[in-house]
Amino acid sequence: MLRPRPAFVNWSQLKGIVIFVRNNDELRLLGRTAPNGTRIIVLPEDGGPA
């Protein structure tokens, strides 16, 4: 999984994409810098086999 630092993301090239994050902390972090039209979806990490 890639986890770029939001300050280093070139949002002009990525505007309108869907970003998958693993928790609400990552959602808030990217949500502060992502432009309007960017979808951020939380997909929690799988805890592995039971």
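Residues numbered from 1 in each chain as written. Predicted model: local features only at pLDDT ≥ 70, side-chain atom pairs only at ≥ 80, totals over all residues. Heavy atoms only, no water.

Undergrad: Where do I start with the overall build of the chain in this structure?
TA: Looking only at helices and strands, one finds 2 helices and 2 strands in the chain. When the helices and strands of the chain are read in sequence order from the N terminus, they spell out α-β-α-β. Among the 50 residues that make up the chain, the fraction classed as buried is 18%. Considering only contacts within the chain whose residues lie at least 6 apart along the sequence, 9% involve residues at least 24 apart. Total accessible area computed for the chain in this model is approximately 4200 Å², and 54% of it derives from carbon and sulfur atoms. (Helix = DSSP H or I, 4+ residues; strand = E, 2+ residues; numbered from the N terminus. Buried < 20%, exposed > 50% of the residue type's maximum accessible area, 1.4 Å probe, protein only. Contact = heavy atoms within 4.5 Å. Areas by Shrake-Rupley, 256 points an atom, 1.4 Å probe, with all protein chains shown as cover.)

Undergrad: Whenever I open this one, the nonpolar core confuses me. Can you help?
TA: Where a protein is soluble and globular, its nonpolar side chains tend to be buried together. Membership of the largest hydrophobic core is limited to 6 residues, which are V9, W11, I19, V21, L30 and A34. Not counting residues within four places of it along the chain, the set of residues in contact with L30 comprises P6, W11, I19, V21 and I40. (Core = buried A, V, L, I, M, F, W, Y, C linked by side-chain atoms within 4.5 Å.)

Undergrad: How should the pairing of strand β2 (residues 39-42) be read in this particular structure?
TA: Looking along a regular strand, one sees side chains alternate from face to face of the sheet. In this sheet, β2 lies alongside strand β1 (residues 18-21) in parallel orientation, the contact comprising 4 bridges. Across the sheet, residue F20 finds its bridge partner in β2, namely I41. With helix α2 (residues 24-31) bridging β1 and the parallel β2, this β-α-β connection has right-handed handedness. (Pairing = 2+ DSSP bridges. Right-handed = clockwise from strand over helix to strand, strands pointing away.)

Undergrad: Help me understand the environment of A34, please; the structure alone is not making it clear to me.
TA: Locating A34 in the fold gives a position in the loop between α2 and β2. Counting along the chain gives 19 residues from A34 to K15, while the straight-line C-alpha distance between them is 7.8 Å. Filtering out sequence-adjacent residues up to four positions away, A34 remains in contact with W11 and I40.

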